[in-house]
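This is what each chain is made of:
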Amino acid sequence: MMKVLILLLAIVHCNVWATESYTDRKIMLLHSYHDGYPWTRDITKGVKDKLLGTGVELKIFYMDTKRRRLEQEKQAAAVKAKIAIDTFAPDVLISADDDASKYVIMPFYKNTDLPVIFCGVNMDASAYGFTEKETQRSIVPNITGMIEVHPTDYLIKHLQRYAKGNRIGSLSFDAISERKSVRHAEQTLGRPFDKVYRHTDYEDWKKSFLKLQHEVDMLFLYNPYGLKGFNLADATQFVDENISIPIGTTLPARMPFSVFGLVQLGSEQGKWATSTALRILDGESPADIPVTRNKGGKLMINIRLVNKLQLKVDLKLLKTAEIVK
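Residues numbered from 1 in each chain as written. Predicted model: local features only at pLDDT ≥ 70, side-chain atom pairs only at ≥ 80, totals over all residues. Heavy atoms only, no water.

Chemist: Explain the overall build of the chain residue by residue, including any values.
Modeler: Broken down by element type, the chain carries 11 helices and 13 strands. Its C-alpha radius of gyration of 22 Å places the chain within 12% of the 20 Å reference for a compact globule of 325 residues. For the chain, the spread of C-alpha atoms along the three principal axes comes to 75 × 55 × 35 Å. Counting only carbon and sulfur atoms, one obtains 53% of the accessible surface of the chain, whose full area is about 15,300 Å². Here the chain contributes 45 positively and 38 negatively charged side chains, and the mean placements of these two sets differ by 4 Å. (Helix = DSSP H or I, 4+ residues; strand = E, 2+ residues; numbered from the N terminus. Rg over C-alpha atoms; globule rule 2.2 N^0.38 Å. Areas by Shrake-Rupley, 256 points an atom, 1.4 Å probe, with all protein chains shown as cover. Lys, Arg positive; Asp, Glu negative; His and termini not counted. Charge placed at Lys NZ, Arg CZ, Asp CG, Glu CD.)

Chemist: Lay out empty space enclosed by the protein with the relevant residues and their values.
Modeler: Applying the stated criterion to the full structure yields 2 cavities of 30 Å³ or more. If you add up the space inside the largest cavity, you get close to 110 Å³. As for the largest cavity, its lining consists of 14 residues, of which Asn-122, Glu-148, Ser-177, Glu-178 and Arg-254 are closest to the centre. Sorting elements by how many residues they give to the lining of the largest cavity places helix H6 (residues 176–189) first, with 3 residues. Within this model, the second largest cavity holds a volume of roughly 40 Å³. Taken together, Tyr-33, Thr-65, Lys-66, Lys-74, Asp-98, Asp-99, Ala-175, Ile-176 and Ser-177 make up the full set of residues lining the second largest cavity. Listed by contribution, the elements that provide at least two residues to the lining of the second largest cavity are helix H4 (98–109) and H6. For the lining of the second largest cavity, the per-class residue count stands at 3 nonpolar, 2 polar and 4 charged. (1 Å grid on protein atoms, 1.4 Å probe; cavity = no way out; pocket = protein on both sides within 12 Å on 5 of 7 lines; lining within 4 Å. Points joined across faces, edges and corners; volume = space filled by probe spheres on them. Nonpolar A, V, L, I, M, F, W, Y, C, P; charged D, E, K, R; others polar.)

Chemist: Give a description of the pairing of strand S8 (residues 218–221) that names residues and reports values.
Modeler: The alternating pattern of S8 places Met-218 and Phe-220 and Leu-219 and Leu-221 on opposite faces, both of which are buried. Relative to S8, strand S6 (residues 168–173) runs parallel, the two being bridged by 4 bridges. When the bridges of S8 are listed, Ile-168 appears paired with Met-218. Pairing of S8 with strand S9 (residues 247–249), which is carried by 2 bridges, proceeds in the parallel orientation. Its bridge partner being in S9, Leu-219 is matched across the sheet by Ile-247. (Buried < 20%, exposed > 50% of the residue type's maximum accessible area, 1.4 Å probe, protein only. Pairing = 2+ DSSP bridges.)

Chemist: So what about the packing of aromatic side chains? Which residues, and what values?
Modeler: Using the criterion set out here, one finds 15 aromatic pairs in the structure. Seen in terms of ring centroids, Trp-205 and Phe-209 are 5.8 Å apart; in terms of plane orientation they differ by 25 degrees. Their pairing is stacked. Taken together, the residues span about one helical turn, with Trp-205 and Phe-209 both in helix H7 (residues 202–215) at a distance of 4 residues. Of the two residues, Trp-205 and Phe-209, neither departs from the other in class, the shared state being buried. When the centroid spacing of 6.3 Å and the interplanar angle of 40 degrees are considered together, the rings of Phe-220 and Tyr-222 count as tilted. Both residues of the pair, Phe-220 and Tyr-222, count as buried. (Phe/Tyr/Trp six-rings, centres within 6.5 Å; stacked < 30°, edge-to-face > 60°.)

Chemist: With reference to specific residues and values, describe the nonpolar core.
Modeler: Membership of the largest hydrophobic core comes to 69 residues, with the highest contact counts inside it found for Trp-205, Phe-209, Phe-220 and Phe-260. A per-element tally of this core places helix H9 (residues 266–281) first, with 6 residues. Here Phe-260 is in contact with Leu-155, His-158, Leu-159, Tyr-162, Ile-247, Gly-248, Thr-249, Met-255, Met-300, Ile-301, Leu-311 and Val-313, once residues within four sequence places are set aside. Listed in part, the 30 residues of the second largest apolar core include Leu-30, Ala-78, Tyr-103 and Val-116. (Core = buried A, V, L, I, M, F, W, Y, C linked by side-chain atoms within 4.5 Å. Contact = heavy atoms within 4.5 Å.)

Chemist: Now, about helix H5 (residues 152–162): what can you tell me, with residues and values included?
Modeler: Turn by turn, an α-helix covers 3.6 residues, leaving residues three or four places apart pointing in a common direction. Listing the buried residues of H5 in full gives Thr-152, Leu-155, Ile-156, His-158, Leu-159 and Tyr-162. In an axial view of H5, the angular spread of the buried residues amounts to 165 degrees, which keeps them on one side of the axis. Opposite the buried face of H5, at more than 90 degrees from it, the exposed residues are Tyr-154, Lys-157 and Arg-161. Those residues of H5 that are buried are in contact with H6, S8, S9, strand S10 (260–263), strand S12 (298–302) and helix H11 (315–320). (Arc of directions from axis to C-beta.)

Chemist: Got a sec to walk through the environment of Arg-137? Specific residues and values, please.
Modeler: By the secondary structure assignment, Arg-137 is in the loop between strand S4 (116–122) and strand S5 (143–148). Judged by relative accessible area, Arg-137 falls into the partly exposed class, the value being 48%. Residues within four places of Arg-137 in sequence aside, it is in contact with Phe-130, Thr-131 and Glu-132. Within the structure, Arg-137 has its side chain in polar contact with the side chain of Glu-132 (distance 2.8 Å). (Polar contact = N/O pair within 3.5 Å; in protein donor to acceptor, adjacent residues only side chain to side chain.)

Chemist: Pulling in residues and values, what's your account of the side chain of Arg-254?
Modeler: Turning to its location among the elements, Arg-254 is positioned in the loop between S9 and S10. Buried charge without a salt bridge: Arg-254, with Glu-178 as the nearest opposite-charge side chain at an N-O distance of 4.6 Å. The residues touching Arg-254, leaving out its near neighbours within four places in the chain, are Leu-221, Tyr-222, Asn-223, Pro-224 and Thr-249. (Salt bridge = Lys/Arg side-chain N within 4 Å of Asp/Glu carboxyl O.)

Take a look at the structure:
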């Protein structure tokens with residue numbers, strides 16, 4: 001009986017050690033955007049899922065730069081972020097999206113002793129001096145990360161099947177990430193968009209949406225969530241009432257306003273960044289972990305808008321896609 005008890009205690013001890021082996025370690029997650037923003041929420045979920053049971057202490061800071069649009073507001077948010085990071089003194093810093101890289105990591109933590117893992121940086125990390133331009137290979141000893149790439153070429157193929165012509169437009173919030181995404185899409189297309197509209201105000205966004213229904217044959221829809229006065233329910237109804245061309249997007253949160261989505265997942269970014277952080281806590285150097293790109297994704301179809309446009313979507317495609325209503 002005593003031997004059995006000792007064995008059980010040993011098993012319990014091993015399980016506790018295995019699941020809480022980082023109880024004295026700290027990770028900070030620095031978000032460019034605000035709590036509740038869909039992409040931010042998905043990255044956070046990925047981080048928390050991977051940390052479950054590890055014993056790591058996690059602290060999250062939100063810069064809220066989708067809603068803080070002025071340069072001085074972003075600079076002020078960066079100063080507050082630095083104070084929070086230095087006070088918490090994490091063993092590893094995870095940085096999400098472009099503004100955190102531009103305003104915090106690049107000026108304060110590049111080439112320091114603090115290991116940094118970026119994620120959600122659109123298309124190119126060389127703008128912040130993290131990587132080589134052509135290869136995207138890391139050139140900073142304490143920094144590695146996952147670049148966010150959009151499956152633009154596949155999305156174009158889906159849109160072209162249902163468009164009446166070849167004119168392509170884009171509509172977005174005016175911010176760093178969206179501007180980079182538009183440039184990447186144009187590089188993939190091999191030509192500029194026929195019409196490009198960027199806004200910071202929701203009412204202006206709606207006016208451009210109406211114009212685009214007549215100016216182009218298909219539309220790339222980028223992020224509307226940072227727009228001043230944006231309302232999800234109103235935007236969904238507005239698009240329902242005024243859509244006349246196929247619309248595509250690359251994020252699940254935009255599917256209420258899009259017909260087709262070939263979407264990348266924030267949770268993939270968060271899980272990879274956290275797995276990498278644990279590798280660093282185990283003794284690996286960021287310099288030995290190559291910068292990578294997101295690989296996951298899925299096809300989404302908004303059946304409500306498909307019916308609104310009276311599109312004849314292939315049955316096989318519908319069976320493979322996630323259907324949004």
